[in-house]
Amino acid sequence: MDFKDYYKVLGVARDATPEEIQKAYRKLARKYHPDVSKEKGAEARFKEVSEANEVLKDAEKRAKYDQFGTAWKQREQSGGSGAPGGAGSAGGGASGFPGFEGFEGFSGASGDFGGSGFSNFFEMLFGQNARAGSGGSGSSGSFGGFGGSSTGRGGWARPGANQEVALPLSLEEALAGGVRELQIGDSQGGENKRIKVNFPRGVRSGQTIRVAGKGEAGQAGGSAGDLFLRVEILPHPRFRLEGRDLMTTLEVTPWEAVLGGEAEIRTLDASVRVRVPAGTSSGRRIRVKGRGFPAGSGASGGKEAGDLYAEVRIVVPESPSEEEKSLFSQLAKVSTFHPRGAGD
């Protein structure tokens, strides 16, 4: 009978905390669950992972396992003959192994997962009590996710599926971060659920926010799936986001463009004054450093905030007064400026 290193099965250290063990188990259970995995040998791997979790999640079982594991290795190193349940221990005892006295159930073990749902090694370690609670013949209980009452395939608990939904945000909301209350529907036809979600400052389109345990409910005691929120920043009437930079338009008069001056630009959360250089043409960009999108915990691509770029657009009066027309006429007579070139 081979020694099973349950810590190695779950990929955790021998001094792993219960939380670390459960995290490792949930990750592997979702990966190898026969209902979702297409990998070869997934069902056997899933059972092995579930067996390891059944032992290591329980403080009493884990202590017995740790003691037994040491005794097993001592037995191998001493070159002793026989094996548990074989010569020297027939009849169900384990007197040949220090630290393993008093365990029952070596004879009559099912030998594979087709009976009680656990390996010979597990049943040798925990005896008749393990078989009685494993959900085998005549039992409706469950053990480590295996059980006669499960509605999952093969008779074990089935974790809930992950869900992904859109999280639409305005630019102002994404800039500030905060809390949003959502109503999430269940694809299995269950009742809608309301949840509150914290999203970070500076979150961007395409990013996902994971909310553990808020996906679809599991079956037969299986853990719930996770909820993934895909951020979608809504179009804004004044701003366009490019990376971490904000783009906007600054409308100026013809005389401001010619003579220069100051103009006020609205940002997402305030207003700033900028200098319009004399001789500014339409299309020129005025940069305001650090007044773009923040590089908070939700942003990527740099540690600093982006910049605000205001593209100049020269605007003329739609209905000029007679005096304005006269002044523009005088300008047309005295100006030698030809933007299209002389003679055009």
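Since the structure is predicted, the reported quantities are computational estimates derived from the model, not experimental observations.

(A) Up close: the overall build of the chain. Helices and strands together make up the secondary structure of the chain, namely 8 helices and 13 strands. Per-residue burial for the chain yields a buried fraction of 37% across its 344 residues. Look at the contacts in the chain between residues 6 or more apart in sequence, and 54% of them connect residues 24 or more apart. Summing over all exposed atoms, the chain offers an accessible surface of approximately 19,400 Å²; the carbon and sulfur share of this is 48%.

(B) Here's a closer look at the sheet that holds strand β13 (residues 308-314). In spatial order, the strands read β8-β9-β13-β12; together these 4 strands make up an open sheet with mixed pairing. The open sheet is flanked by β8 (240-242) and β12 (285-288), the only strands paired with a single partner. Within the sheet, the average angular offset between the axes of one strand and its neighbour, ignoring direction, is 35 degrees. Here β8 runs beside strand β9 (residues 245-252); their pairing, made up of 3 bridges, is antiparallel.

(C) Representation of the packing of helix α2 (residues 18-32) against helix α3 (residues 42-56) within the structure. In contact at an axis separation of 9 Å, α2 and α3 are set at 160 degrees when each is read in the N-to-C sense. When the axis of α2 is compared with that of α3, the two are roughly antiparallel. The two elements α2 and α3 cross, and the hand of that crossing is left-handed. Between α2 and α3, the contacting residues are Ile21, Gln22, Tyr25, Leu28, Ala29 and Tyr32 on the first element and Ala42, Glu43, Arg45, Phe46, Val49, Ser50, Asn53 and Leu56 on the second. Partitioned by chemical class, the residues of the contact of α2 with α3 number 9 nonpolar, 3 polar and 2 charged.

(D) How the structure looks around the pattern of salt bridges. A complete count under the given rule lists 19 salt bridges for this structure. Taking the shortest distance from any N to any O, the salt bridge between Asp269 and Arg291 comes out at 3.8 Å. Separated by 22 residues along the polypeptide, Asp269 in the loop between β10 (261-266) and β11 (271-276) and Arg291 in the loop between β12 and β13 bring together distant segments of the chain. Judged by its relative accessible area of 29%, Arg291 is partly exposed. The salt bridge involving Lys325 is made with Glu322; its shortest N-O contact spans 3.9 Å. In this pair, Lys325 and Glu322 are both assigned in helix α8 (residues 322-334), 3 residues apart and thus about one turn of the helix distant.

(E) Highlighting the packing of aromatic side chains. Throughout the structure, instances matching the rule amount to 2 aromatic pairs. Aromatic pair Tyr7 and Tyr65: ring centres 6.0 Å apart, planes at 45 degrees, arrangement tilted. Of the two residues, Tyr7 sits in helix α1 (residues 6-10) while Tyr65 sits in helix α4 (residues 59-78), which places them 58 residues apart along the sequence. Both residues of the pair, Tyr7 and Tyr65, count as buried. Here the aromatic cluster, defined as three or more aromatic residues joined through ring pairs, consists of Tyr6, Tyr7 and Tyr65. A cation over a ring is seen here: Arg285 above Tyr309, with NZ or CZ 5.9 Å from the ring centre.

(F) Region of the structure containing a nonpolar patch on the surface. On the surface, Trp255, Val258, Leu259, Phe328, Leu331 and Val334 cluster together to form a nonpolar patch covering roughly 640 Å² of accessible area. Those elements giving two or more residues to the nonpolar patch turn out to be α7 (254-259) and α8. Relative to the helices and strands, Phe328 resides in helix α8. Under the relative-accessibility criterion, Phe328 is labelled partly exposed at 34%.

(G) Broad picture of α3. For α3, spanning 15 residues, the distance from its first C-alpha to its last is 21 Å, which sits close to the expected 21 Å at 1.5 Å a residue. Looking only at α3, the buried set comprises Ala42, Phe46, Lys47, Val49, Ser50, Glu51, Ala52, Asn53, Glu54, Val55 and Leu56.

(H) Quick look at the sheet that holds strand β7 (residues 227-233). If you walk across this open sheet you meet the 3 strands as β3-β7-β6, and the pairing is mixed. Single-partner strands in this sheet number two, and they are β3 (163-169) and β6 (208-211). With direction set aside, neighbouring strand axes in the sheet form an average angle of 30 degrees. Judged from the 4 bridges that link them, β6 and β7 form a sheet pairing that is antiparallel. By the bridge assignment, Val211 is partnered in β7 with Leu227.

Cut-off values and rules
- Residues numbered from 1 in each chain as written.
- Predicted model: local features only at pLDDT ≥ 70, side-chain atom pairs only at ≥ 80, totals over all residues.
- Heavy atoms only, no water.
- Helix = DSSP H or I, 4+ residues; strand = E, 2+ residues; numbered from the N terminus.
- Buried < 20%, exposed > 50% of the residue type's maximum accessible area, 1.4 Å probe, protein only.
- Contact = heavy atoms within 4.5 Å.
- Areas by Shrake-Rupley, 256 points an atom, 1.4 Å probe, with all protein chains shown as cover.
- Pairing = 2+ DSSP bridges.
- Axes fitted to C-alpha atoms, helices over the stretch in contact; angles between N-to-C directions.
- Parallel < 35°, antiparallel > 145°, perpendicular 65-115°, else oblique.
- Left-handed = near helix turned anticlockwise from the far one by under 90°.
- Nonpolar A, V, L, I, M, F, W, Y, C, P; charged D, E, K, R; others polar.
- Salt bridge = Lys/Arg side-chain N within 4 Å of Asp/Glu carboxyl O.
- Phe/Tyr/Trp six-rings, centres within 6.5 Å; stacked < 30°, edge-to-face > 60°.
- Lys NZ or Arg CZ within 6 Å of the ring centre and 35° of its normal.
- Patch = residues over 30% accessible without salt bridge, like charges linked within 9 Å, V, L, I, M, F, W, Y side chains within 5 Å.
- Expected span 1.5 Å × (residues − 1).

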